[in-house]
Amino acid sequence: MIEPRRSNAARPPGLDSVSKAIIEQLQADGRRSYAEIGKVVGLSEAAVRQRVQKLTDSGVMQIVAVTDPMQLGFYRQAMIGIRVSGDTRTVADKLASLPSVDYVVLTAGNFDILAEVICENDDELINLLNSEIRTLPGVASTETFVYLRLHKQLYDWGTR
């Protein structure tokens, strides 16, 4: 019997234990120095720098400042469930190009796409919905879930 081929997209990238340890160190504190990380994982500062560069260049990880949108004047966040007629990937690409959209996923279930948006206020959200999202070719309907308060958001889930 021939085994079915498995998609490469479902497989995690081949990371060794040292790269995983570096990722976990940066997830705990993204400002941790390469020298500090090197002491923990048993590498020189230069070797850690090289590993981090390879991990970021390959898209395995990003190093970014995570902010509280409200502290920066973005008082309205929402998740928008979108039903699509046609190719969901085309609509997802168009959504991803909108500046107010910070997260886009293709899903299974009641919605074809979920898109998170960050706006300065309700008027900006209404304009985004009516003038930019609902007018996209292929968007059949939307349902908006307005965030009242961000209760938990973590980025330290580790590695496998």
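That block above? That's the structure.
Residues numbered from 1 in each chain as written. Predicted model: local features only at pLDDT ≥ 70, side-chain atom pairs only at ≥ 80, totals over all residues. Heavy atoms only, no water.

1. Remarks on the layout of surface pockets
- Within this model, the largest pocket holds a volume of roughly 1400 Å³.
- Lining the largest pocket are 35 residues, with Gln62, Val64, Val66, Tyr155 and Trp157 sitting closest to its centre.
- At the level of elements, helix H1 (17–28), strand S2 (101–106) and strand S3 (113–119) are the ones that each hand at least two residues to the lining of the largest pocket.
- The element contributing the most residues to the lining of the largest pocket is H1, with five residues.
- A class-by-class count of the residues in the lining of the largest pocket yields 20 nonpolar, ten polar and five charged. (1 Å grid on protein atoms, 1.4 Å probe; cavity = no way out; pocket = protein on both sides within 12 Å on 5 of 7 lines; lining within 4 Å. Points joined across faces, edges and corners; volume = space filled by probe spheres on them. Helix = DSSP H or I, 4+ residues; strand = E, 2+ residues; numbered from the N terminus. Nonpolar A, V, L, I, M, F, W, Y, C, P; charged D, E, K, R; others polar.)

2. A word on the side chain of glutamate 116
- With respect to the helices, strands and loops of the structure, glutamate 116 is situated in strand S3.
- Within the buried core, glutamate 116 has no salt-bridge partner, and the shortest N-O distance to an opposite charge, that of arginine 76, equals 12 Å.
- In contact with glutamate 116, not counting residues within four places along its chain, are Gln77, Ala78, Met79, Ser100, Val101, Asp102, Tyr103 and Tyr147. (Buried < 20%, exposed > 50% of the residue type's maximum accessible area, 1.4 Å probe, protein only. Lys, Arg positive; Asp, Glu negative; His and termini not counted. Salt bridge = Lys/Arg side-chain N within 4 Å of Asp/Glu carboxyl O. Contact = heavy atoms within 4.5 Å.)

3. Topic: the pairing of strand S1 (residues 76–84)
- Most of S1 sits out of view: eight of its nine residues are buried.
- Here S1 runs beside S3; their pairing, made up of seven bridges, is antiparallel. Its bridge partner lying in S3, glutamine 77 is registered against isoleucine 118.
- Pairing of S1 with strand S4 (residues 139–146), which is carried by seven bridges, proceeds in the antiparallel orientation. Counterpart to isoleucine 80 in the pairing with S4 is threonine 144. (Pairing = 2+ DSSP bridges.)

4. A look at the pattern of salt bridges
- Applying the stated criterion across every chain, the model contains four salt bridges.
- Salt-bridge contacts for aspartate 16 lead to arginine 51; the nearest nitrogen and oxygen are separated by 2.8 Å. Here the residue aspartate 16 occupies a position in the segment before H1, and arginine 51 occupies one in helix H3 (residues 45–57), the gap between them amounting to 35 residues.

5. Structural notes on the nonpolar core
- One finds Ile82, Leu95, Ile113, Val117 and Ile133 to be the most contacted residues of the largest nonpolar core, which totals 19 residues.
- Residue assignment for this core shows that the elements contributing at least two residues are S1, helix H4 (88–96), S3 and helix H5 (122–133).
- Excluding residues within four positions of it along the chain, isoleucine 113 makes contact with Ile80, Gly81, Ile82, Val84, Thr88, Val91, Ala92, Leu95, Val104, Val105, Leu106 and Thr107.
- Counting nine residues, the second-largest nonpolar core is a separate cluster that includes Val48, Val52, Leu55 and Met61. (Core = buried A, V, L, I, M, F, W, Y, C linked by side-chain atoms within 4.5 Å.)

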